[in-house]
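Notes for the structure review
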Amino acid sequence: MVHPKIPIAQQMLREMGIDLWMIVCSEASDVHSPYLLGVTCYSRHAIIIPSTGKSSVIIHQMEGPMVERQGTVDEVVTYRSTREFVDKLKEVVLSISEKPKIALNFVENLYEEGGDPINTITYGDVLALQKLFPGATFVSAKEILEKLTLTKSAEEIRLHEKAIEITLKAMKAAIEFIKSGVSECEVAAEAEYVMRKEGAGTAFSTIVASGPNSADPHHETSERKIGRDDVVILDMGAKYKLMAADITWTVFVGKNPPKDLEKIYRIVLDAKREATNALRPGIKGWEVDKAARDVIYGNGFSDEHFSHGTGHPLGLVVHGLGPALTKKEWSKRAELELVPTMIVTIEPGIYIRGKYGVRLEDDVLITEDGRRILSKTPDSLLTIT
Ligand SMILES: [Mn+2]
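Parameters and conventions
- Residues numbered from 1 in each chain as written.
- Predicted model: local features only at pLDDT ≥ 70, side-chain atom pairs only at ≥ 80, totals over all residues.
- Helix = DSSP H or I, 4+ residues; strand = E, 2+ residues; numbered from the N terminus.
- Rg over C-alpha atoms; globule rule 2.2 N^0.38 Å.
- Buried ≥ 20, exposed ≤ 12 C-beta atoms within 10 Å, placed from the backbone.
- Domains from an automatic or database assignment.
- Contact = placed C-beta atoms within 7 Å.
- Nonpolar A, V, L, I, M, F, W, Y, C, P; charged D, E, K, R; others polar.
- Pairing = 2+ DSSP bridges.
- Axes fitted to C-alpha atoms, helices over the stretch in contact; angles between N-to-C directions.
- Parallel < 35°, antiparallel > 145°, perpendicular 65-115°, else oblique.
- Left-handed = near helix turned anticlockwise from the far one by under 90°.
- Core = buried A, V, L, I, M, F, W, Y, C linked by C-beta atoms within 7 Å.
- Expected span 1.5 Å × (residues − 1).

Moving on, we come to the overall build of the chain. If you tally the helices and strands in the chain, you get 11 helices and 18 strands. Against the compact-globule benchmark of 21 Å for 385 residues, the chain has a radius of gyration of 23 Å, which places it among compact chains. A principal-axis box enclosing the C-alpha atoms of the chain has dimensions of 70 × 40 × 35 Å. Counting the 385 residues in the chain, one finds 47% classified as buried.

Spelled out as structure tokens, the structure:
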């Protein structure tokens, strides 16, 4: 069966007066390729979706059969040489139009508007396409990709739920593995081993941040050995059939967590609850962020301690398209509204430089009348003895 979202893309192409949408990539550099083909391909290939008529992919003969078995595009055209790739690409595109208007996966005004996850076509590809199709005009496929990936089908929601279920299993296994003397990377390996065994991959490289490292929100997991009285932040996400999870827990190694740490944990928990309760269709990204930030400000902390946004949409990549759940001053996308069937993360944190940090992150589905929490952190600080 042709991918159910291809007819939606074609409808949009017609409305926008665009002749075709092309995804061209190699080495699995564009996640929208496996999304539409149903399988990850590494050779150079071009997916071509015309505004009317048959979708096709031009792909190396080595990968053609597996794409054909997926059956998500109408036609699989195979090539053997680079010369043949070019010839067949020209043939397919020029049969659609002599002077085609082509949508590509890039974003205009990238630094102002954001949208990094879809800004995947390389400058080299663009130069090659301009040379091949001198009569063509190239426009951004941003709107199409937003429409296709921001909101989820029932099946896609089910896959996200499965990714979340696997992530929670991995989280629990990793926490059970933590003891004084094991390194951050050993804990991360334990989590990722569980994800692999459960049929998933990783949506991003697992973050295990211990002791003072936990004060860096995006700490790069190191060989540091975890010791007694360390705070440990674990931020991980499985990717199951391209759908991601993103979950963060914070734990303490030792019997007696300091009182100020327990207090911070409760504040972050309160901030997470307030932001989660604010979630509903129509609310703007910054309004959700404000609900969390007000709790954190109200307890004497500032943007210096909570240096990132409250959350983000979960897409085909971890930081998906659409509304940013952050301050208006920090992103234009914070003005965008939440819509039903989106999945967002809620992940407030407080970081005390040189000391420790606390971050708690859940994944939440936006429903027609509110929200459904898909993953939930523990209600109190877990202590590992
Ligand atoms: Mn996240």
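This part covers the domain arrangement of the chain. As assigned here, the chain comprises domain 1 (6–149) and domain 2 (154–384). Domain 1 and domain 2 are separated by 34 Å when their C-alpha centres are compared. Contacts between domain 1 and domain 2 engage 13 residues on the former and 11 residues on the latter. Classifying every residue of the side of domain 1 that touches domain 2 gives six nonpolar, four polar and three charged.

This brings us to the sheet that holds strand 2 (residues 45–50). If you walk across this open sheet you meet the six strands as 4-3-2-1-5-6, and the pairing is mixed. Of all strands in the sheet, those bounded by a partner on one side alone are strand 4 (75–79) and strand 6 (137–140). Taking each pair of neighbouring strands and ignoring which way they run, the sheet shows an average axis angle of 25°. Strand direction decides the pairing type here: strand 2 and strand 3 (residues 56–60), joined by three bridges, are antiparallel. Across the sheet, isoleucine 48 pairs through a bridge with serine 56, a residue of strand 3.

Helix-helix packing is described using two parameters, namely the angle between the two axes and the distance between the axes. For the pair helix 10 (residues 259–278) and helix 11 (residues 285–298), interaxial distance at closest approach is 8 Å and the crossing angle is 155°. The orientation of helix 10 with respect to helix 11, classified from their angle, is roughly antiparallel. In terms of crossing hand, the pair formed by helix 10 and helix 11 is right-handed. Contacts from Ile267, Asp270, Ala271, Lys272, Glu274, Ala275 and Ala278 in helix 10 reach Glu287, Val288, Ala291, Ala292, Val295 and Ile296 in helix 11. Grouping the amino acids of the contact of helix 10 with helix 11 by side-chain chemistry returns nine nonpolar, no polar and four charged.

It is worth spelling out the sheet that holds strand 10 (residues 238–240) at this point. The strands that make up a sheet are held in pairs by hydrogen bonds between backbone atoms, and each pair lies either parallel or antiparallel. As summarised here, the arrangement of the three strands in space is 7-10-11, forming an open sheet in which the pairing is antiparallel. Edge positions in the sheet fall to strand 7 (201–202) and strand 11 (243–244), since each has one partner strand and no second. With two bridges joining them, strand 10 and strand 11 adopt antiparallel strand pairing. Across the sheet, lysine 239 pairs through a bridge with alanine 244, a residue of strand 11. Set on the sheet, helix 8 (residues 154–177) makes contact with strand 10 and strand 11; between it and strand 10 the angle comes to about 145°.

Quick look at the pairing of strand 5 (residues 101–104) now. Summarising the sheet, strand 1 (residues 20–25) and strand 5 pair through two bridges and their orientation is parallel. Within the sheet, the bridge partner assigned to tryptophan 21 lies in strand 5 and is alanine 103.

In this structure, Trp21 and Ile47 are the most contacted members of the largest nonpolar core, which totals 112 residues. When residues in this core are grouped by element, the largest group, eight residues, is from helix 10. Both domain 1 (6–149) and domain 2 (154–384) contribute no fewer than three residues apiece to this core.

Under the 1.5 Å per step criterion, the end-to-end length of helix 10 is 29 Å for 20 residues, consistent within 8% with the ideal 28 Å. Turning to helix 10, its buried residues are Ile264, Tyr265, Ile267, Val268, Leu269, Ala271, Lys272, Glu274, Ala275, Thr276 and Ala278.

Phi at aspartate 229 is positive, roughly 65°, even though this residue is not glycine. For aspartate 229, the location among the structural elements is in the loop between strand 8 (207–210) and strand 9 (231–236).

A separate point is the pairing of strand 2. When you tally the buried positions in strand 2, you get six out of six residues, the bulk of the element. Alternating positions in strand 2 separate into two faces, His45, Ile47 and Ile49 on one and Ala46, Ile48 and Pro50 on the other, with burial throughout. Here six bridges tie strand 1 to strand 2, and the two strands are oriented antiparallel to one another. Bridge pairing in strand 2 links methionine 22 to isoleucine 48.

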